[in-house]
Amino acid sequence: MIANRVRVKYSLFLTYFVFAILLNSVGTVILQVINSYGVSKEAASVLEGFKDLPIAFVSFVFAAYLPRFGYRRAMLIGTAIVTLACLMMPLVPQFWMSKLLFLAVGSAFGLVKVSLYSTVGLITDDRQQHASVMNTIEGLFMVGVLSGYWLFSAFIDGSNPDSLQWLNVYWWLAALGAANFLMILFTPYANPVPAKQSRSVDEFVAMLKLALKPLALVFILSAFLYVLIEQGIGTWLPTFNNEVLHLPADMSVQATSIFAACLAIGRLGAGQLMRFISWYPLLNICLLAMAVLILVSMPLASLAEVNPDVSWASAPVAAFLFPLIGLFMAPIYPAINSIMLSSLPKVQHSAMTGLIVIFSALGGTTGSVITGLVFGRFDGQSAFYFSLLPIVAITFTLYFFWRWSTKGDTVTSTSA
């Protein structure tokens, strides 16, 4: 049994790694379609919606049914979809194909994330194990994001912005997706067995009722605001580096990897910190540090000048300072997810994960579109200053989440 759990863990790690690269490539692809296809910032910002809205839709429709359908089967279907979409990208070099790619990635991830998060509950025995595995998975997700930036930058021609050479990266991503498919295929997964079988419509209604509980509502709002901040920054940071800090396209993508590296380090280290520090004061310290970094970095960014011979040694200070925000942002999302999920019976994890995915996707789209609109109509500094508003808002939602969760206001009364 232990050996099977280890195999399942590794298959989850690889699956999340693959989707990390594809999901978070949207910022890089936005920069490239602006350069290669002549697309405006406002038009390019819809790519986030093509990714996130299908995540929300698929999770909303199918989350409650996945325990019956089978987690491994859902993950196999999702992996197959993105593998085929990657194969199409270099064959059809058009902006609409980029939209179709993210539509496929978002739809597949709606199946995969619900299955993956729910499976964590099946291979762990207590809250501590659950939090540890969740932080490791989310940390490895950020390692995948970091790897993706360098992988894409290796195929970008910084001296020729119009080049379509960057599309060749998708041959490699398709191969990685195929390898992931085979690993899942030969890994045994277990599904939860409810005490009594309920109709699918009852499971769907139960998910909706779950969302109306006060603790669940404030948690959902916290997750929405967090992802709004993270995606708004992560999606537009390559373009910010290119247009505001005047870095070449390939270097702009590479510099964004600092943000991903900080997220990875923060999430992998958060599990250890939370053994000694309560999650609520830690997350408040993180939010304060995020606000300070924005207020310090944006004035420095305005001092950047065009330098044709720019290198890492001569790059603006803001290119290194601002991405450090990821270090403080990192613990928030896995911490609140783990607290919420570990307060529920395992049979309800699929329904709650569906809600997490839905509102995270809506938050990601909202953050990216708003940042893109402000960036296009004003400037990059104004776009990132906007992040201060949701940072302030999340401090209030986290307070109520902490207060109600410590009072034992659980949602276990809703049956799945």
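Residues numbered from 1 in each chain as written. Predicted model: local features only at pLDDT ≥ 70, side-chain atom pairs only at ≥ 80, totals over all residues. Heavy atoms only, no water.

1. Quick word on the overall build of the protein chain
Selection criterion: Counting from the N terminus, the helices are DSSP H or I runs at least four residues long and the strands are E runs at least two residues long. The classification of residues rests on relative accessible area computed with a 1.4 Å probe and restricted to protein chains. Under 20% of the type maximum is buried, over 50% is exposed, and intermediate values are partly exposed. Contact criterion: two residues are considered in contact whenever any of their non-hydrogen atoms come within 4.5 Å of each other. Only the protein chains shown count as cover for residues, with accessible areas throughout obtained via the Shrake-Rupley method and a probe of 1.4 Å.
The helix and strand inventory of the protein chain stands at 19 helices and zero strands. In the protein chain, which comprises 416 residues, the proportion classed as buried is 57%. Considering only contacts within the protein chain whose residues lie at least 6 apart along the sequence, 86% involve residues at least 24 apart. Carbon and sulfur atoms make up 68% of the accessible area of the protein chain, which amounts to about 16,100 Å² in all.

2. Here we look at empty space enclosed by the protein
Note the threshold: Here the term cavity refers to a set of points on a 1 Å grid, laid over the protein atoms alone, in which a 1.4 Å probe fits but cannot get out; the term pocket refers to an open set having protein on both sides within 12 Å along at least five of seven lines, with lining residues being those that place an atom within 4 Å of a point. Grid points are joined across faces, edges and corners, and a volume is the space filled by probe spheres set on the points.
Inspection of every chain in the model, using the stated rule, returns four cavities of 30 Å³ or more. The space that makes up the largest cavity amounts to roughly 280 Å³. Lining the largest cavity are 20 residues, and of these F109, K113, F141, V227 and Q231 lie nearest its centre. Secondary-structure elements contributing two or more residues to the lining of the largest cavity are α1 (2-23), α4 (46-62), α7 (95-122), α8 (127-153), α11 (214-243) and α17 (349-377).

3. Comments concerning helix α9 (residues 169-185)
Quick reminder of the rule: Helix span, expected: 1.5 Å multiplied by one less than the number of residues in the helix. Directions from the helix axis toward the C-beta atoms define the arc.
Its 17 residues give α9 an end-to-end C-alpha distance of 25 Å, which sits within 8% of 24 Å, the value for a rise of 1.5 Å per residue. Those residues of α9 not exposed but buried are V169, Y170, L173, A174, G177, N180 and I184. Buried residues along α9 cover an arc of 130° about the axis, so they all sit on one side.

4. A few points about the side chain of T79
Along the polypeptide, T79 turns up in helix α6 (residues 71-88). The contacts of T79, once residues within four sequence positions are left out, are F19, G177, N180, F181 and I184.

5. Concerning the pattern of salt bridges
As a reminder, the rule being used: Any carboxyl oxygen of Asp or Glu within 4 Å of a side-chain nitrogen of Lys or Arg constitutes a salt bridge here.
The final tally for this structure, using the stated rule, is three salt bridges. One connected set of salt bridges, linked through shared partners, spans E48, K51 and D52.

6. Notes on the side chain of K41
Here is the rule we go by: Polar contact is the term for a pair of N or O atoms within 3.5 Å; when the atoms are in protein, one must be able to donate a hydrogen and the other to accept it, and sequence-neighboring residues count only if both atoms are side-chain atoms.
Structurally, K41 can be placed in helix α3 (residues 41-44). A polar atom in the side chain of K41 sits 2.8 Å from the side chain of E243. Once residues within four sequence positions are removed from consideration, K41 is found in contact with I34, W236, T239, E243, F375 and G376.

7. Observations concerning α11
Convention followed: What the bend at a residue measures is the angle between two axes, fitted to the seven residues ending there and to the seven starting there.
In this model, α11 (30 residues) spans 43 Å end to end at C-alpha, consistent with the 44 Å of a helix rising 1.5 Å per residue. The largest bend in α11 amounts to roughly 50° and is located at L237, with the proline P238 lying one to four residues further along. Across the 30 residues of α11, 25 count as buried, placing the element largely inside the fold.

8. Overview of the packing of aromatic side chains
Formally: To pair, rings of Phe, Tyr and Trp, with the six-membered ring standing in for Trp, must have centres within 6.5 Å; the planes then decide the type, stacked if under 30 degrees apart, edge-to-face if over 60, and tilted in the middle.
Throughout the structure, instances matching the rule amount to 17 aromatic pairs. For the pair F19 and F109, a centre-to-centre distance of 5.7 Å together with 35° between the ring planes defines the contact as tilted. Of the two residues, F19 is situated in helix α1 and F109 in helix α7; the sequence distance between them amounts to 90 residues. The class for F19 is buried, based on a relative accessible area of 0%.

9. Comments concerning the packing of α6 against α9
Condition: Helix axes are fitted to C-alpha atoms over the stretch in contact, other axes to C-alpha atoms as well, and angles between N-to-C directions run from 0 to 180 degrees. Any angle from 65 to 115 degrees is called roughly perpendicular, while one under 35 is roughly parallel, one over 145 is roughly antiparallel, and all others are oblique. The crossing is said to be left-handed when, going from far helix to near helix, the turn is anticlockwise and less than a right angle, and right-handed when the turn is clockwise. Residue classes follow a fixed rule: Ala, Val, Leu, Ile, Met, Phe, Trp, Tyr, Cys and Pro count as nonpolar, while Asp, Glu, Lys and Arg count as charged, and any other residue, Gly among them, counts as polar.
At a closest axis distance of 8 Å, the pairing of α6 and α9 adopts a crossing angle of 165°. Considering the angle they form, α6 stands roughly antiparallel to α9. For the element pair α6 and α9, the recorded crossing hand is left-handed. Here α6 contributes R72, M75, L76, T79, A80, T83, C86 and L87 to the contact with α9, which in turn contributes Y170, W171, L173, A174, G177, A178, N180, F181, I184 and L185. Across the contact of α6 with α9, the residue classes break down as 13 nonpolar, four polar and one charged.

10. A closer look at unusual backbone geometry
Phi at H246 is positive, roughly 60°, even though this residue is not glycine. For H246, the location among the structural elements is in the loop between α11 and α12 (249-273).

11. A word on the confidence of the model for the protein chain
Stated formally: On a scale of 0 to 100, pLDDT captures the predictor's confidence in every residue.
Averaged over the protein chain, the pLDDT score is 83; the fraction of residues at 70 or greater is 88%. Between the elements of the protein chain, mean pLDDT differs from a low of 64, seen in helix α10 (residues 200-211), to a high of 94, seen in helix α14 (residues 318-321). Low pLDDT, under 50, characterises residues 195-199; the predicted model gives this stretch five contacts beyond four residues in sequence or across chains. Overall, residues 409-416 carries pLDDT values under 50, and its contacts beyond four positions in sequence, including any with other chains, amount to 29 contacts.

12. Brief notes about a nonpolar patch on the surface
Going by this rule: Patch definition: residues above 30% relative accessible area lacking any salt bridge, with like charges linked at up to 9 Å and the nonpolar side chains Val, Leu, Ile, Met, Phe, Trp and Tyr linked at up to 5 Å.
Together, L84, L87, M88, L91, W171 and W172 give the surface a local cluster of nonpolar side chains, amounting to about 650 Å² of exposed area. When contributions to the nonpolar patch are tallied by element, the ones reaching two or more residues are α6 and α9. For the nonpolar patch, the element with the most residues is α6, which contributes three residues. Along the chain, W171 falls in helix α9. For W171, a relative accessible area of 40% corresponds to the partly exposed category.

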